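Observations on chain architecture
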Amino acid sequence: MGLVLGDAWLWVAVEWSPPAYSEFYAPGGFDTLTTAALLVAALMKAALLWLILRAPAPGPLDPRAKALRRLLYLAVAYTLVLWYPIALLPDAVDAVFQLALWTAIDVLYLLVIRWRSRMLRAAAAAMFAVELAGIAGELLDELDLPELGSGGIVELGLMLGGVAAIVITVVGQRRDGRWSRGTQVAGWSSVGVYALTIPVNILFARISSGSLAILVTMDALGLVGTVWIAATARELPAENRPANLPPARRRVTRVAVAAVAVLPVIALIHPEHAPHLTYTGWSTDCYDRPGFGDLKPAERDAAFLCRARSTEGGVSPMFPDSLSDQQILAYGRELCRAKDRDEEEAILTRAGSARPAWGVDLWDLVYVCPEVVGATHPELLWSTAETEAADTAYIAEKNARCRAPWPRTKGVVQATANYFLFVDGDPGYVVHDPGDEAADEASEQEMDKAHDDSALIGHVADVVDLCLTVKAFRTAPPPRTAGWDQVNELPIVSRSGRLTVPEMGEGEVGAGAPMPNLAIAGKGRYRLRVYVRVDGAGEEEHLVAVFPGASRKRLKLKP
């Protein structure tokens, strides 16, 4: 039916999850390999589901065994059905549910299984504790609380503790004697699937063609663990069950276990002619853009592949996933030799790019041809530390050219710095109360207009920066308009006891040095006097004087 109704319903029929999930994993539809994997997974999951839904073995159960059976069937129901409605709730709810469920199951395992050895029971308790610690760590992470441990070693230890808990439970089942050889084989097989999950998850982010097929295959194999849990619950009351299967069934079981262990590994091996894909648009390793100087030579090709396949911001990648790493790197080096934008567009069109008209940026090409890009833009070869040092030196140089006017008239607080504006269309800067939410609205109002909360001060010349001096006085200073082109005085209010000018942080605009709090009298009304002038070279200079004052008039001391 799924083949007839389309990819979405094929996904629902095999994966037992909403059709929207198929759009997430394969927005362009399923390829042939994924469709084949879904059909094989459908048969596999149907067989495993038949084993899961077999009726419980008849026989009396004591209260502990009865409670264990119910909890194990609840775990089975969660895997098959309950995971979806619980996933609609906050992630912390799922973590609490898992922790409570498996804490109860592990405690009952210790009480119900006949371990026949105190040392084995103690080892089981220790492994169960490690398993539960891993679940508790996930809960703490969801609640944004300090976790039980950090670092890869701790995470690996908790993960291996979960595997060890399964191993020791199967050993306990064998010593108990109530569980059949088939149930024990299912337990050992679930350990093999669990062990395969780690490398497959690592490789899933590094391969593209066939990656969804691997996900489908691993999802089907994951039901082996559910078969073991269901069989454990089903056979709880069975006494004196034969430990050995008939020879023919033992051979079939060995073949099945070998297939579970080997087939996923074989599926990861691609033919020689298939494209080798190190990174895709979904690869989490590609979110950061490292500086060229921070990378070792062997890492630079991978950085370019990240940029070439990036879908950051929802845009189409530079190159399609149908191209191998080697092809993309070859096209990248060809782009380095392009003479103009038209030639770049021709190369990208030939490569099958979805955005050939965009061309390619030099800060992407630098990873594959540093000798070409570095000849004209040596700054693209810098490391992060070198870039930060150059930025700091540039800001210091710009600040050093600015001189404070009125050198003999000292303010209670004052500062002089270069103020960096946006290159295109920046209306100016704001004097505002950063503790007042209404202050930000000034930037959306008419330039150079007075507001109770803030004032937006525009620039006269067509400049990308200007020299800004701010001074705070206890009383109004003399007008002293000589030498200035414009002098205006405005009312302003500080509701939190602060008035200042934005500083240049990680962005591109703001004052190049720390700005003081100009509201020296605390909360209340102030007067804001702004002096503006432009010299013969087109350089613009501002002086902002702030002092206490209740007047609400707007004055043009020098229009």
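Worth saying up front: this structure is predicted, and the values here are computed from it rather than measured. Along each chain, residues carry numbers from 1 onward, in the same order as the chain's sequence is written. Only residues with pLDDT of at least 70 get local features here, since the model is predicted, and only at 80 or more are side-chain atom pairs given and counted; chain-wide, interface and lining totals rely on the full set of residues. Side-chain numbers come from the whole structure's heavy atoms, not from hydrogens or water.

**So, helix α4 (residues 32-52)**
To keep things clear, this is the line we draw: Secondary structure elements are taken from DSSP: a helix is a run of H or I of four residues or more, a strand is a run of E of two residues or more, and numbering for both begins at the N terminus. Helix span is expected to be 1.5 Å times the residue number reduced by one. Note on exposure labels: buried denotes an accessible area under 20% of the residue type's maximum, exposed denotes more than 50%, and partly exposed covers the range between, all computed with a 1.4 Å probe on protein chains only. The arc in question is the one spanned by the directions pointing from the helix axis to the C-beta atoms.
Between its first and last C-alpha, α4 extends 30 Å over 21 residues, near the 30 Å set by a 1.5 Å rise per residue. T34, T35, A37, L38, A41, K45, L48 and I52 are the residues of α4 that are buried. What you see down the axis of α4 is that its buried residues fit within an arc of 145°, all on one side. Those residues of α4 that are exposed and angled more than 90 degrees off the buried face are T32, V40, L43 and W50.

**Section: the state of the cysteines**
This is how the line gets drawn: Sulfur atoms of two cysteines make up a disulfide when they are within 2.5 Å.
A full pass over the atoms with the stated rule returns two disulfides. Linked covalently through their sulfurs, C336 and C369 form a disulfide whose S-S length is 1.8 Å. The disulfide joining C336 to C369 has a torsion of about -80° about its S-S bond and is therefore left-handed. Residue C336 is located in helix α14 (residues 325-336), and its partner C369 is located in the loop between α16 (362-365) and α17 (370-376); the two are separated by 33 residues in the primary sequence. Of the two residues, C336 and C369, both sit in the buried class. Note that C402 is cross-linked by a disulfide to C467, the S-S spacing being 2.1 Å.

**Examining the packing of aromatic side chains**
Where we set the bar: Any Phe, Tyr or Trp ring, taking Trp's six-membered ring, that has another such ring centre within 6.5 Å forms a pair; planes under 30 degrees apart are called stacked, those over 60 apart edge-to-face, and the others tilted.
Scanning the entire structure with this criterion turns up eight aromatic pairs. Linked through ring pairs, W406, W484 and Y531 together constitute an aromatic cluster.

**Some details on the sheet that holds strand β5 (residues 486-494)**
We apply this condition: Strand pairing requires that DSSP identify at least two bridges connecting the strands. In this analysis, two residues are considered to be in contact whenever any of their non-hydrogen atoms come within 4.5 Å of each other. Axes, fitted as lines to C-alpha atoms, cover a helix only where it is in contact. Angles between the N-to-C directions of the axes lie from 0 to 180 degrees.
Spatially, β6-β1-β4-β8-β7-β5-β9 is the arrangement adopted by the seven strands of the open sheet, whose pairing is mixed. Looking at which strands have only one partner, the edges of the open sheet turn out to be β6 (510-511) and β9 (555-558). Sheet topology places strand β7 (residues 524-534) next to strand β8 (residues 540-548); nine bridges connect them, and they run antiparallel. Note on β8: the bridge partner recorded for R529 is A545. Relative to the sheet, helix α18 (residues 384-400) contacts β1 (413-420) and β4 (465-472), its axis offset from that of β1 by approximately 120°.

**A word on the confidence of the model for the protein**
Interpretation of this model should avoid reading the predicted coordinates in detail wherever pLDDT is low. Formally: Scored from 0 to 100, pLDDT records how confident the predictor is in each individual residue.
The pLDDT averaged across the protein works out to 83; a share of 81% of its residues lies at or above 70. The least confident element of the protein is helix α1 (residues 2-5), whose mean pLDDT is 54; the most confident is β8, at 97. In this model residues 204-210 is a low-confidence stretch, pLDDT under 50, and it forms 21 contacts with partners more than four residues away in sequence or in other chains. Note that pLDDT drops below 50 for residues 439-450; the model gives that stretch 23 contacts with residues more than four away or on any other chain.

**Things to note about the side chain of D465**
Stated precisely, the cut-off is as follows: Distance and chemistry together define a polar contact, namely a pair of N or O atoms within 3.5 Å, with one atom able to donate a hydrogen and the other to accept it when in protein, and with adjacent residues in sequence counting only for side-chain atoms on both sides.
Topologically, D465 is positioned in strand β4. Using a relative accessible area of 8% as the deciding quantity, one classes D465 as buried. At 3.2 Å, the side chain of D465 and the side chain of R401 are in polar contact. Setting aside its immediate chain neighbours within four residues, D465 contacts K398, R401, N418, Y419, F420 and L421.

**Some thoughts on the pairing of β4**
For β4, the buried fraction is high: eight of the eight residues fall into the buried class. Neither face of β4 is left uncovered, since the one carrying D465, C467, T469 and K471 and the one carrying L466, L468, V470 and A472 both have all their residues buried. Alignment of β1 against β4, held across eight bridges, turns out to be antiparallel. Looking at the pairing, A415 lines up with V470 of β4. Pairing of β4 with β8, which is carried by six bridges, proceeds in the parallel orientation. Bridge pairing in β8 places V470 opposite V544.

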